[in-house]
Structure formats: C-alpha cells, structure tokens
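Residues per chain are reported as follows:
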Amino acid sequence: MALADSATSIAVRAHDDLAIAHANATMGWILIDDYNFSLAVEFAEKGLKRIEHVKEPRAKAMLMHQMGLAYDRMNLPDKAMKQYFEAIKIYRSLNDERFVGQLEGNIGRLYFIANDFKTAKRYYNQGYEKIRDKKIPLLISDYYNRYAVLLQVEGHVKEAYRFNQLGIELARKNGLLQELCDFYFNMASVQYAMGNDRLAMQYVDSAIELAKQKGFDYAQYLGSKAKLLSDGNKTFNPEVEQLFMTALAEVTRSQNKYMEYSIRNLLANYYKQVSMFGKAAEQIVMVNDIKDSIANTRNAIALKEIEYKFKDLEKETLLKGYQSKSRLKNGLIVMMLLLAVLGLYLFCSARKTLRLRQLYFKSKERLLEQEKANAIYERELEKDHKERALLEQQLHKEERLALEREMASTQRELTTITLFLQEKNKMLEELKSQLEQAIIHSDGTQKAGLQKLQQNIRHSINFDNDWDKVKLHFEKVHPDFFARLTEICPQLTPNELKHCAYIKMNMSIKETANLLNIDYNSVKMSRYRIKKKLNLEPETDLVEFIHNIYPAA
C-alpha cells in the first residue's frame, strides 16, 4: 500500500496522467484484496478521469475491469455487468482473448447468482474456449471451480465430482494453493450431496488445514464445517458454536463484512435450530447492522457519483469564467457585455446547482425509502426460503433414511448368503475328506457308490447357482461395480471378477479359498494375476484399489 502511494505521488508531481492512472489501478487491486471495495471503485474512477483524453485503451480496459470486479464483490450486479461489457469491447479491439475469456467467466458467475443457469453456462463455455489454448492454470482452475458449482446446483452431482477432481489435480500440479482450498471446499459439498458425510468432513478439514498453513482466509470453511456438524441436529453442540466463533474471529481479522454477514446468519439459524432464541436474536441484530453498513456503502457510492458530476459542473463554470476574462481586454463595452452574460450565466448556474442539490436530497430520500421496502421484502423472502428449505431438508432426510435402511437390509442379506455358502462349502469339504478316507478302506462293492457320492459333493461345491444368488444381492449394494471393473480391465475372466467381488465384500484369503473351492496359495496367485492385469504398481495394494472403485461419472 505504501509503495503504491509513493508511485501515485511521483506520478502527480510529474504531471503524467497515464502513470497516475496505472498507480490508481495498482491501489485499486490492493484495496480489493483488503475487501475495501468502495475505495477501490473511487480510485478506478479517478484513474479513468485522468486518461479521458489519452489514447491508451488497455489502461482504460484494466480500470473498467477493476471497477467491475469491485462492484461484483459488493453485490451490485448491474453496475458490475456494465463495466465488464465495456472492458470486453476494448479487449476485443486489442485481440486480447485471454482477458475477454476471463471477463466472460465473471459475467457467467453474475448470471449464476441471478439463477439464470442456462446463460451462465453459455458464458462459462465461451470464456473457457478463449482461455483453453492459453494454458494458464489459474484461469482454467477458475473455470473448473465455477462449472463444478453450477453442475452441483443443477443436480448433476457426478459431473460436479469430476470437475472438482480435475481442479484438485490441476491445483496440486501447479501449486495453486488458494484454488486447492476452494476445490476441497467444493468437493466437501459434493460428497455431502452424495450422502458421504465422512468424506465431506475430511475435505472441509483439508481446506481449513491448508488455509491455516498458508495464511488464507478460511472463515467460510469453518462456517461450512459447523453447518455440516449441526445439520438436522436440534441438540446444542459446543463444538459447533466454537467453530462459528472461530470463523467470526477470522472475518474480524480480515474485515470482510460480506463474509461476516454470511457467518452470523448461519449462526443465528443454528441457535434457532437448537431453540436458543435469545442468542439467535442477538445474531439477527448484528446481521441487520452489517446489512445496514453494506447498504450505507452502496449509498455512499451513489452520492459520490453525484458529487463527481457536481465537481465537473463547477470546473466547467470556472473555465467559462476564464474565457470571459480573456475577452475583457478588447474594450470596456465588450467587457460590460461579457460581464452581463457572465452574470446571467452564473445566475443560471446557481439555479442549476440548487436544482441539483434538491435532486440530491430527493434521491437520498428515495434511496432510504427503497432500502426500507427492500428490507421488508427481504425479510418476507427469507422467511419463505427458510420454510421451503426446512421442508426440502425434511424430505431429503426421510429419503436418505429409507435408502440407508434398504441398503442395510440388502447388505445383511448379502452377508447372510455369503456366510451360508461359506459354511456349506466348508461342511461339504469336510464330508468329502471323510469320504476319501472311507473309499480307501472300503471293498469293491461299496467303493463305486462312495465315489459317486463324492462326485455329487464336488459338483455341489462348484455349482454356479450359489454365485448367482450372491451376485444378485451384491449388485444391489454395489451397483455398476462389475461394469466399472470391466471398463478398467476388459481382460478379467468371470472367476477373476468373482474374486474381485469377494475382495469388495472384505473376504479374507482363507474365506475366498473356501468359497472358490481352491487352496490358500491358489487365491494368492489369483490375486497376483489380477493385479498384473490391472497394471498396478508393486507397491499399490489390490484390496485398497478395489475398495476405491466407484461407478463411472
């Protein structure tokens, strides 16, 4: 910040408008990073005024880009959109596809916030087409992040999972640690939507830990972890409250009012959920105070725009006055006429200024009335959203419980059948061994009958109908497992697929040998052949690999 101030001072003393504009842009980016968006807008506007008469389109586009981003962060989408489109026009004239693609991605995000997902997706794809060949990891990572969030909101959870996985790999490869935190956070949301609560919590913890290590803002991650822990639980949990308090301490440090508003809103809802209405009321009061503060900032920007217009009018008046004075040298008569004209002009200017002031106060009153009306509307809308969210949450919970009960029942049936087959094969093996001893010690007449009985027992052990029953219940618990495994390695034989299924069911080598009617070493050799067909590294564990196989996205 101090270095940018020094650069601005030097440029002002040198009367270099372009240098001043660049210095203002630098200050603006620093202020955006410090969440001081209104001051960033002011610096961008000053920079644009400095280069009004300078033919430097790239500097103008950069300042508009910066102003649009500041408006975007302040939740003023109309103003942000206007600046983005103006900047895109200039970047297109300069054939700068990189910045055009980046800004189209920002515009897509604004449409996403407005729930226009179709238009958002169109702008995301347009932007990606322009940046894809540039091979800039940061921009591609930003596309993966936004597209994954859009897919999840649309209900395409598997596709969202795939884009988040691509983003994690890209961020790790290129050392994009802040983006890696965001992808961990998004992946937690995807896993939660897929019903994998434990994995969701692991991803949130990974995001928090990495953000702490690198000094990033992690209040949002803490708030999400608290929400995951408290979801559907009406009993007070001190750990959840502590997470919210830690998140609030973090946003206080970063002075991010918009994030503080979100965290306190979540905390108020949690207190209401656990019937701590007194604390909930305290948080709601603070939320309203923050909302008023943000609204005051927006009003200040509107007033600042009026102030700039007023200053431009005063400059114009002074310029006219200087021109009038130069003409007074031509003679007393001309001077008198010009003084009369100037007096009339000043009178009209004063009336115009008075009208502007009146318009200013009326505009201020209208803004206040509009804010009040908006606050009432937002309260009603928030109440409606909460009721709808509560109903959807209850329905989602009931559906998930029903699915869990059905899966648990199927799992129990699979386990029962497998154990039954295992015990049956074990008993038949013992009976077969006893028959072998009996055949050795039997005479010729009994020997043929005993051998026929032994053959029937061997046939019963190898009979495939048992496997059909196991496979039927297995595919209910692990749908598409065989299809996914065959897709990974088409060379696997039916017996090897059966062996993989027993591994997925946590069967030991001994239990697998009993079920497949082969000895212990044969099972180990079969696992070695399967691992070789899958092209796994020697240090890769086959059991862990098979347990991590999920249906194709």
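I will try to describe carefully the structure that is included in this document. Because the structure is predicted, anything quoted here is derived from the model rather than measured.

Calculation rules
Along each chain, residue indices are assigned from 1 in the same order as the chain's sequence is written. Where local features are concerned, this predicted model is filtered to residues with pLDDT of at least 70; where side-chain atom pairs are given and counted, the filter is 80 or more; whole-chain, interface and lining totals use all residues. Processing note: side-chain calculations cover all non-hydrogen atoms of the structure and skip hydrogens and water entirely. Definition used in this section: a nonpolar core is a set of buried Ala, Val, Leu, Ile, Met, Phe, Trp, Tyr and Cys residues joined via side-chain atoms within 4.5 Å. Each residue is placed in one exposure class: buried if its accessible area under a 1.4 Å probe, protein chains only, is under 20% of its type's maximum, exposed if it is over 50%, and partly exposed if it falls in between. Helix and strand assignments follow DSSP, with helices taken as H or I runs no shorter than four residues and strands as E runs no shorter than two, numbered in order from the N terminus. Patches here are clusters of residues that have more than 30% relative accessible area and form no salt bridge, with a 9 Å joining cutoff for like charges and a 5 Å cutoff for nonpolar side chains (Val, Leu, Ile, Met, Phe, Trp, Tyr). Using a 1.4 Å probe, the Shrake-Rupley method yields the accessible areas, and only the shown protein chains count as cover for residues. Salt bridge, as used here: a side-chain nitrogen of Lys or Arg that lies within 4 Å of a carboxyl oxygen of Asp or Glu. Summarising the geometry, the arc corresponds to the directions from the helix axis toward the C-beta atoms. Positive charges come from Lys and Arg alone, negative charges from Asp and Glu alone, with His and the N- and C-terminal ends not counted. By the criterion applied in these results, polar contacts are pairs of N or O atoms within 3.5 Å in which, for protein atoms, one can donate a hydrogen and the other can accept it, and in which residues neighboring in sequence qualify only through two side-chain atoms. Any two residues whose heavy atoms approach within 4.5 Å are treated as being in contact. Planes of paired rings set the category: under 30 degrees apart is stacked, over 60 is edge-to-face and the rest tilted, where pairs are Phe, Tyr or Trp rings (Trp by its six-membered ring) whose centres lie within 6.5 Å. Two thresholds decide whether a charge sits over a ring: the Lys NZ or Arg CZ must be within 6 Å of the ring centre and within 35 degrees of the ring normal.

## Focus: the nonpolar core
- Ranked by internal contacts, the top residues of the largest apolar core, which has 56 residues, are Y144 and Y221.
- Breaking this core down by element, the ones donating at least two residues are α7 (117–131), α8 (137–153), α9 (157–174), α10 (177–193), α11 (197–214), α12 (219–230), α13 (238–254) and α14 (257–273).
- Within the second largest apolar cluster, 34 residues are counted, among which are F37, M74, I88 and L110.

## A short note on a nonpolar patch on the surface
- Residues L332, M336 and L339 make up a contiguous nonpolar surface patch of about 320 Å² in total accessible area.
- Overall, L332 belongs to the exposed group, its relative accessible area being 59%.

## Re helix α19 (residues 481–488)
- Here α19 has its buried residues at F481, F482 and L485. Looking down the long axis of α19, one finds its buried residues gathered within 90° of arc, a one-sided arrangement.

## Let's talk about the side chain of K531
- Tracing the backbone shows K531 in helix α22 (residues 520–533).
- Salt bridges are absent for the buried K531, whose nearest opposite-charge side chain, D541, sits at 6.2 Å.
- Within the local environment of K531, its side chain forms a polar contact with the backbone oxygen of T540, the two atoms lying 2.7 Å apart.
- Contact partners of K531, with chain neighbours within four places excluded, come to L536, E537, P538, T540 and L542.

## Considering the packing of aromatic side chains
- For the coordinates displayed, the defined rule picks out 15 aromatic pairs.
- On the numbers, 6.5 Å between centres and 65° between planes, the contact of Y124 with Y147 is edge-to-face. Here Y124 is found in helix α7, whereas its partner Y147 is found in helix α8, with 23 residues between them in sequence.
- Classification of Y124 by relative accessible area gives buried; the value is 3%.
- A centroid spacing of 6.0 Å and a plane angle of 50° characterise the contact between Y143 and Y144, whose relative ring orientation is tilted.
- An aromatic cluster of three or more residues is present, and its members are Y124, Y128, Y143, Y144, Y147 and F163.
- For R98, the ring lying beneath its charged end belongs to F99, and the centroid distance is 4.9 Å.

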